[in-house]
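Chain by chain, the residues run as shown.
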Amino acid sequence: MSTYHIKHLEEYFHVYRKSVRDAETFWAEIAEEHFLWRKKWQQVLSWDFTKPEVKWFEGAQLNITENCIDRHLTSRPHKTAILFEPNDPKDDAQHITYKQLYERVNKFANVLKERGIKKGDRVCIYLPMIPELAVSVLACARIGAIHSVVFAGFSATALATRINDSSCKMVITSDGSYRGAKTIDLKGIVDEALNECKSVESVLVAQRIHSDITMKDGRDTWLQPLLDAASTICEPEVMDAEDPLFILYTSGSTGQPKGMVHTTAGYMVYAAYTFKNVFQYQEDDVYWCTADIGWITGHSYIVYGPLANGATTVMFEGVPSYPDFGRFWQLVAKHKVNQFYTAPTAIRALAKQGLEVVEPYDLSSLKVLGTVGEPINEEAWHWYNDNIGKKKSPIVDTWWQTETGGIMISPIPFSTPTKPTYATLPMPGIQPALMNENGQEIKGNQVEGRLCIKFPWPSMARTIWGNHQRYKDTYFSAFENKYFTGDGALRDEVGYYRITGRVDDVIIVSGHNLGTAPIEDAINEHPAVAESAIVGFPHDIKGNALYGYVTFKDTGESRDHTNVRTEINQLITERIGPIAKLDKIQFTKGLPKTRSGKIMRRILRKIAHKDTSNLGDTSTLLNPEVVQSIIDNAL
Ligand code: WT7
């Protein structure tokens, strides 16, 4: 029996039981046998969910890049580590071997050091999906700088908020990016953001689209000449197990985005372990995750997890629709991809195109298909299974979160029988619990409740940057001694989990986690707007789309609704990014409120879902009369 690599269902149950019975021995064995340590730990785990404080492998020392790169130099130096596929299909793919990756990361790390970046400094990375993105992430990790990757679709305001929250000293960006047939002026967005950011001393600029940009004297430097001059040798910084590795921002239901802090050893062990098992990666396989490295999926399952296993990981710069909707399948055939990992929203968009864009391509290399980001509906699951996997590639519906660092509930392909829309069984080491509204655990099968995790796992986020109290309040206060995920779930008759969706005010649109508060804040900046409330409603492709209820200030003037709608979406694009634009905007006289003044989103959600048969008792509202008028004018 191998604990590290599970190959059949019996083995899974055996390993799972062991991971619960004796978690410390379980993780210590995995850590010991499969990773490179500069110094071993004194204690595998110490934890206290009331503080909350969790430490894994305390006393150990390591560098994650030695595990992801250096140790492969003897066993597989000329194997492709990163297979870069550019936006334009006419441009050649680049195969970056482990040896080349080693040299590129070291050069980049030396450039960071020359620019004054030291262990513990925060570096913001705002780059498109080009090799420099993966290389800069690893270069930070090499010298112990904390990377904070911001998805390059976020606006200048959103970028500035994130840079300031963790006082980043440097920003790494590019002159621009390609997105299908369009280009985006990334450097211009950075320039605008930096008007608001005092902590940033320098900006490194990669050249990608050769656009004409302005470089600010004393602050901005072109990256390539610095890399050309740098040495290919950079001794890795020796890190403590619990030293922060990165910060990654995620939206909450209220307030500013939360800078989730992930630490070094536990994150590495868990990302690598889950990659191996969930994708059943074999030495000569080519693995492709279509996410952006700006999200946790890219951190754990494009960069760290695959590289820690010596895998070949594809990095795709483009979009699924360029030059046509066959691009994903063309690339699967071209690179003989064995494991393919994407989001339900992409599957739905591609399924809509019909099979003409799938059929020309040979997809026989595929062994495992994955999905992540939101619940996958049954129709999309079957389309994926029938037409992409040809019913022979198991689908791993992987449930996890930015906060969890790695996949928490997922089938293990070829071991766990799959079931459409079910994430199925917890990974070894993961102990889920379903809770009722009175805070009690619901035992047994065929039950539904709020999904919590009752025991620590190695890759859990340790805190929110600069705000430990918020970490405690958000995740450890709803249910005593448990991590609360914010999701609802049900457990079927055999113990399989199905995630039913968020139970808080976070809305998942095209797999992007959007908090309602920052969007409402953006809308409320409009001079004519008094108040607003956002809810989600079902959308064929995006899963959910956003429905905004907006009230005007009472100035007696009449308003041009079309203009205000456009202006509201412009504000949202500026403050957050185009992903947060509203699909529907309804102007109302008022928003339904409780007597304490809380907006009753439950009612607004039902109206947006066109489900007004049972709104519950609205008579206790502060303003029950607005409900009917909202229903009458619903979009
Ligand atoms: C939220 C976390 C983990 C990387 C991408 C999203 C939803 C995620 C699934 C799934 C149903 C899912 C949850 C979760 N979610 N995967 N397989 N089935 N829902 O990371 O942005 O932190 O969002 O995404 O609601 O809480 P994230």
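The structure displayed is predicted, hence computed values, not measured ones. (Residues numbered from 1 in each chain as written. Predicted model: local features only at pLDDT ≥ 70, side-chain atom pairs only at ≥ 80, totals over all residues. Heavy atoms only, no water.)

1. Considerations on the overall build of the chain
Then, in step 1: Along the backbone of the chain there are 19 helices and 30 strands.
Then, in step 2: On C-alpha atoms alone, the chain measures out to a radius of gyration of 24 Å, which is about the 26 Å that the 2.2 N^0.38 rule sets for 635 residues.
Then, in step 3: On the principal axes, the C-alpha backbone points of the chain span a range of 75 × 65 × 55 Å.
Then, in step 4: Here the chain, with 635 residues, has 61% of them falling under the buried criterion.
Then, in step 5: A fraction of 71% describes how many contacts in the chain between residues 6 or more apart in sequence connect residues 24 or more apart. (Helix = DSSP H or I, 4+ residues; strand = E, 2+ residues; numbered from the N terminus. Rg over C-alpha atoms; globule rule 2.2 N^0.38 Å. Buried < 20%, exposed > 50% of the residue type's maximum accessible area, 1.4 Å probe, protein only. Contact = heavy atoms within 4.5 Å.)

2. Structural notes on the sheet that holds strand S16 (residues 286-289)
The strands that make up a sheet are held in pairs by hydrogen bonds between backbone atoms, and each pair lies either parallel or antiparallel.
Then, in step 1: Across the sheet, which stays open at both edges, the seven strands sit in the order S5-S4-S17-S16-S18-S19-S20 with mixed pairing between neighbours. Edge positions in the open sheet fall to strand S5 (94-97) and strand S20 (395-398), since each of these has one partner strand only. Averaged over all adjacent pairs, the angle separating strand axes in this sheet is 20 degrees, with direction ignored.
Then, in step 2: Two elements, strand S4 (residues 80-85) and S5, share four bridges in a ladder whose sense is antiparallel. Pairing of Leu-83 across the sheet is with His-95, part of S5.
Then, in step 3: Those strands touched by helix H10 (residues 264-279) are S16, strand S18 (339-342), strand S19 (368-372) and S20, and its axis lies near 145 degrees from that of S20.
Then, in step 4: Its contacts with the sheet place helix H14 (residues 378-388) against S18, S19 and S20, and it is angled at close to 160 degrees to S19. (Pairing = 2+ DSSP bridges. Axes fitted to C-alpha atoms, helices over the stretch in contact; angles between N-to-C directions.)

3. Some remarks on the packing of helix H13 (residues 344-351) against H14
Then, in step 1: H14 packs onto H13 with a crossing angle of 70 degrees between their chain directions and a minimal axis gap of 10 Å. It follows from the interaxial angle that H13 and H14 lie roughly perpendicular. In contact with Ile-347, Arg-348, Leu-350 and Ala-351 of H13, H14 contributes Ala-380, Trp-383 and Tyr-384.
Then, in step 2: In terms of residue class, the contact of H13 with H14 is built from six nonpolar, no polar and one charged. (Parallel < 35°, antiparallel > 145°, perpendicular 65-115°, else oblique. Nonpolar A, V, L, I, M, F, W, Y, C, P; charged D, E, K, R; others polar.)

4. Thoughts on the domain arrangement of the chain
Then, in step 1: Split by domain assignment, the chain resolves into domain 1 (9-319 + 398-475) and domain 2 (506-632).
Then, in step 2: Centre-to-centre separation of domain 1 and domain 2, based on C-alpha positions: 34 Å.
Then, in step 3: Of the residues lining the interface, 13 residues belong to domain 1; the matching set on domain 2 comes to 15 residues.
Then, in step 4: Between domain 1 and domain 2 the total buried area reaches about 910 Å² when both faces are included, carbon and sulfur atoms providing 53% of it.
Then, in step 5: In this structure, the connection of domain 1 to domain 2 is made through zero salt bridges.
Then, in step 6: Along the contact surface separating domain 1 from domain 2 lie six residue pairs in polar contact (both at pLDDT 80 or more).
Then, in step 7: Looking at the side of domain 1 that touches domain 2 element by element, the count peaks at three residues for helix H7 (residues 156-165).
Then, in step 8: A class-by-class count of the residues in the side of domain 1 that touches domain 2 yields four nonpolar, nine polar and no charged. (Domains from an automatic or database assignment. Buried area = accessible area lost by both parts, 1.4 Å probe. Salt bridge = Lys/Arg side-chain N within 4 Å of Asp/Glu carboxyl O. Polar contact = N/O pair within 3.5 Å; in protein donor to acceptor, adjacent residues only side chain to side chain.)

5. Considerations on unusual backbone geometry
Then, in step 1: Look at the link from Lys-51 to Pro-52: it is a cis peptide, with omega at -20 degrees.
Then, in step 2: With respect to the secondary-structure elements, Pro-52 resides in the loop between strand S1 (43-48) and strand S2 (53-58).
Then, in step 3: Here the bond from Tyr-322 into Pro-323 is cis, since omega is -5 degrees, no more than 30 degrees from zero.
Then, in step 4: Summarising the element assignment, Pro-323 is placed in the loop between strand S17 (312-316) and helix H12 (327-335).
Then, in step 5: At Lys-390, a residue that is not glycine, the phi angle is positive and equals roughly 45 degrees.

6. Description of the packing of aromatic side chains
Each aromatic ring pair is summarised here by two numbers: the centre-to-centre distance and the angle between the ring planes.
Then, in step 1: Following the criterion strictly, the structure yields 46 aromatic pairs and no others.
Then, in step 2: Here Tyr-301 and Tyr-341 contribute two aromatic rings whose centre-to-centre distance is 6.3 Å and whose plane-to-plane angle is 75 degrees, an arrangement assigned as edge-to-face. With a gap of 40 residues between them, Tyr-301 in helix H11 (residues 296-308) and Tyr-341 in strand S18 connect regions that are remote in the sequence. Assigned by exposure class, Tyr-301 and Tyr-341 land together as buried.
Then, in step 3: Here Tyr-301 and Trp-400 contribute two aromatic rings whose centre-to-centre distance is 5.1 Å and whose plane-to-plane angle is 85 degrees, an arrangement assigned as edge-to-face. Taken as a pair, Tyr-301 in helix H11 and Trp-400 in the loop between S20 and strand S21 (432-435) lie far apart in primary sequence, 99 residues in all. (Phe/Tyr/Trp six-rings, centres within 6.5 Å; stacked < 30°, edge-to-face > 60°.)

7. Focus: the site of the ligand
Then, in step 1: Around the ligand, the structure places 18 residues, and the nearest of them are Asp-397, Thr-398, Thr-402, Asp-487 and Arg-502.
Then, in step 2: One of the backbone N or O atoms of Glu-374 is found 3.3 Å from a nitrogen atom in the ligand.
Then, in step 3: Here an oxygen atom of the ligand and a side-chain polar atom of Arg-502 are 2.7 Å apart.
Then, in step 4: Counted by class, the shell around the ligand contains seven nonpolar, six polar and five charged residues. (Near = heavy atom within 4 Å.)

8. A closer look at the side chain of Arg-462
Then, in step 1: Assignment of secondary structure puts Arg-462 in the loop between strand S22 (447-453) and strand S23 (463-464).
Then, in step 2: Taking relative accessible area as the criterion, Arg-462 reaches 10% and is therefore assigned buried.
Then, in step 3: Polar side-chain contacts of Arg-462 include one of 2.5 Å to the backbone oxygen of Met-460.
Then, in step 4: Other than its neighbours up to four places away in sequence, Arg-462 contacts Val-54, Trp-56, Glu-242, Val-261, Thr-263, Gly-266, Trp-457, His-468 and Tyr-471.

9. Re helix H15 (residues 468-475)
Then, in step 1: Inspection of H15 places Arg-470, Tyr-471 and Tyr-475 among the buried residues, and these make up the whole buried set. Down the axis of H15, the buried set is contained in an arc of 105 degrees. They therefore lie on one face.
Then, in step 2: Structurally, H15 contributes buried residues whose contacts are with strand S15 (258-263), S23 and strand S24 (483-491). (Arc of directions from axis to C-beta.)

10. Notes on the layout of surface pockets
Then, in step 1: Looking at the second largest pocket, its volume works out to about 220 Å³.
Then, in step 2: Along the walls of the second largest pocket sit 13 residues, with Arg-71, His-72, Arg-76, Ala-308 and Asn-309 positioned nearest its centre.
Then, in step 3: Listed by contribution, the elements that provide at least two residues to the lining of the second largest pocket are helix H2 (23-34) and helix H4 (72-75).
Then, in step 4: Among the residues making up the lining of the second largest pocket, the classes are represented as three nonpolar, five polar and five charged. (1 Å grid on protein atoms, 1.4 Å probe; cavity = no way out; pocket = protein on both sides within 12 Å on 5 of 7 lines; lining within 4 Å. Points joined across faces, edges and corners; volume = space filled by probe spheres on them.)

11. Focus: empty space enclosed by the protein
Then, in step 1: A complete count under the given rule lists one cavity of 30 Å³ or more for this structure.
Then, in step 2: There is about 40 Å³ of room inside the largest cavity.
Then, in step 3: Lining the largest cavity are Asn-63, Ile-64, Ala-141, Gly-144, Ala-145, Met-239, Pro-244, Leu-245 and Thr-264.
Then, in step 4: In terms of residue class, the lining of the largest cavity is built from six nonpolar, three polar and no charged.

12. Regarding the pairing of S18
The side chains of a regular strand alternate, residue by residue, between the two faces of the sheet.
Then, in step 1: Here S18 shows no split at all, with Gln-339 and Tyr-341 on one side and Phe-340 and Thr-342 on the other all buried.
Then, in step 2: The sheet contact formed by S16 and S18 spans three bridges and is parallel. Bridged to Tyr-287 within S18 is Gln-339.
Then, in step 3: In this fold, S18 hands off to H13, which returns the chain to S19; that crossover is right-handed. (Right-handed = clockwise from strand over helix to strand, strands pointing away.)

13. So, the sheet that holds strand S28 (residues 529-539)
Then, in step 1: Strands sit in the order S28-S29-S30 across an open sheet of three strands; the sheet is mixed. Two strands in the sheet have a free side with no partner beyond their single neighbour: S28 and strand S30 (584-588). Between one strand axis and the next, the sheet turns by 25 degrees as a mean value, whatever way the strands run.
Then, in step 2: In the sheet, strand S29 (residues 543-552) pairs with S30 via five bridges, with the strands oriented parallel. Pairing of Tyr-547 across the sheet is with Lys-584, part of S30.
Then, in step 3: Relative to S30, helix H17 (residues 561-575) is tilted by about 125 degrees, and along the sheet it contacts S28, S29 and S30.
Then, in step 4: Sitting on the sheet, helix H18 (residues 601-608) is in contact with S28 and S29, with an inclination near 50 degrees to S28.

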